[in-house]
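Architecture at a glance
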Amino acid sequence: MTKQQVTVPDIGGAEGAEVIELLVAVGDEISVDQSLIVLESDKASMEIPSTVAGVLVELLVTEGQELAEGAPLAVIEVAGDTAAVPEPQAVDSETLAEVIIESAPAESAPSVAAEAADAVSSRVPVPDIGTDEAVEVIELSVKVGDTVAEGDSLVVLESDKASMEVPAPFGGEITEIQVSEGDSVKQGDALLLIKTSAAPQQEPVVAVPPMPAEVAPAIAPAAPVPKPQVAAPLEADAVESSGGIYAGPAVRKLAREFGVTLAEVSGSGPRGRLLKEDLQKYVQDRLNKPATATAGGAGLPLVPEMDFSRFGEVDITQRSKLDKLTASNMQRSWLNVPHVTQNDSADITELEAFRASMKVEAERRSVKLTPMPFLIKALAVALRDHPKFCSSLADGGDALVYKKYIHIGMAVDTPAGLMVPVIRDADKKSVWDLAEEILELAGKAKERKLSPAQMQGGCFTISSLGNIGGTGFTPIVNTPEVGILGVSRADIQPVWDGQDFAPRKMLPLSLSYDHRVINGGDAGRFMTQLVALLSDIRHLIM
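The structure reproduced in this document is the subject of the present report. (Residues numbered from 1 in each chain as written. Predicted model: local features only at pLDDT ≥ 70, side-chain atom pairs only at ≥ 80, totals over all residues. Heavy atoms only, no water.)

**With respect to the nonpolar core**
Judged by nonpolar contacts, the single largest core of 57 residues is most densely connected at Ile462, Leu485 and Leu509. Elements with a minimum of two residues in this core: α9 (371-385), β21 (408-410), α10 (431-446), β25 (460-464), β26 (483-487), β28 (501-514) and α11 (520-535). Examining the composition of this core, we find that ten residues originate from one element, α9, more than from any other. Aside from chain neighbours lying at most four places away, what touches isoleucine 462 is Met372, Leu375, Ile376, Leu379, Ile408, Gly409, Met410, Ala411, Leu485 and Val487. Core analysis: the second largest hydrophobic core is formed by 21 residues, Met46, Ile48, Ala74 and Val78 among them. (Core = buried A, V, L, I, M, F, W, Y, C linked by side-chain atoms within 4.5 Å. Buried < 20%, exposed > 50% of the residue type's maximum accessible area, 1.4 Å probe, protein only. Helix = DSSP H or I, 4+ residues; strand = E, 2+ residues; numbered from the N terminus. Contact = heavy atoms within 4.5 Å.)

**A look at the packing of aromatic side chains**
With the rule as written, the count across this model stands at four aromatic pairs. With 5.0 Å between their ring centres and 65° between their planes, tryptophan 496 and phenylalanine 501 make a pair best called edge-to-face. Relative accessible area serves as the criterion here: at 49%, tryptophan 496 is assigned to the partly exposed category. Connected via pairs of aromatic rings, a cluster forms that spans Phe389, Phe460 and Phe526. (Phe/Tyr/Trp six-rings, centres within 6.5 Å; stacked < 30°, edge-to-face > 60°.)

**Observations concerning the sheet that holds strand β11 (residues 147-148)**
Ordered in space as β9-β16-β14-β11, the four strands form an open sheet in which the pairing is antiparallel. Each edge of the open sheet carries a strand with a single partner, namely β9 (120-125) and β11. Note that β9 and strand β16 (residues 190-196) share six bridges and pair antiparallel. Each residue of the ladder has a partner; that of serine 121, found in β16, is lysine 195. (Pairing = 2+ DSSP bridges.)

Taken by themselves, the reported measurements are silent on function.
Spelled out as structure tokens, the structure:
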């Protein structure tokens, strides 16, 4: 019985790889090519096979350990006597050089030197991917003209079981890409061409003539070591894939280092594949959130997931990006802003009578004159007279930023979700100007044609339910703003005029504000002026 040590074979040029799983235990009967451990580098995961058969007597590694090529893995007791492989004898560089020079034809020397001096393009094929079946190219990580270093990702391949990044075997410039996203490729198929300053030394071909018997043992190659195969998906990966999570080994490794649950991260790659940039952005966003804004919201426990299909038929649809972004913003605002909502009603009987009288003029101008332009005009006057409602907290709450402009956001309900275009300098525009701009921005919002600039810079927001219904609601402040006005459906109500009840058209208003900045007195004075302006629009020109 002899004991032999198994070491880490060539792992594709990776500087180091992490042991993520031990597949055997001391005392196990090991066969040749049986997998011992699973390693994972920045580019791929791979199972390391045994080169001998026998009984495992010692494991020399632990999970989480970083290993490089040649590192000892295990000691295996082999049955019977095994001839020891002779230790390579030292061969001085001059002797080896003489052997190689003598083996090369003399006339080939100039051409070899010329090739070394000139840049050449070398083909990069699909490496050993652990299967003979075709896999799909799901992402091209480079383009023609890019300069890559050894180990940089070139393409991403995906099979039914796993995804794999193909690294550059050497550095250089990309001169041609020979595959496209969606192509199916197999091991050995050409991926692209890389131009290098000299032919890559990846697969040197040197014809060495037979050497004398006394020299041959000195440089005889060691027993062949089987190439590591790409690891079959781990059990954890299978769970992630079943949940629709697609991520390469490098991304999963980075997620473990960050302590991030992949299910919480949105992927921006093809088919929703998670990229390193997605993880970095997720971590950055989490770090930028206030300390109280945890995943469950101010330390609150998360609502558990429930399988509703147990109770009957269900239909699951994915929310749009805009819908999820709105929900995230709403939750952040609700958790961070101490909301107070103040309700009142404005008598718009005279306003509606005036608006009806302007119908012919509106048709002549090709403008639809709704109550909204009057609301925004009155709101602009109230904001001008109460500048605290046009402020925002700064310096961690130690300062207030007073804005000397009045830009009012207008919430618009669209098929894709809630959008808030901003009407700039509302206090400087006439009711007709506002009517035209409202119609234009609402149309762009519903057609998803708003630019980012048209949805930024608001000081205050108005959210109108129009004729949808309701007598009041609590709109959520659109931080970093400090106030928002909710408008419900106008209705005819009996109002006491001092002698009798008279039918008046009343408009319910709901003012939500950030109580860290606005107090009840501020809100009361603001609402009183706003109601007065809407009840008698002649005050708008004063």
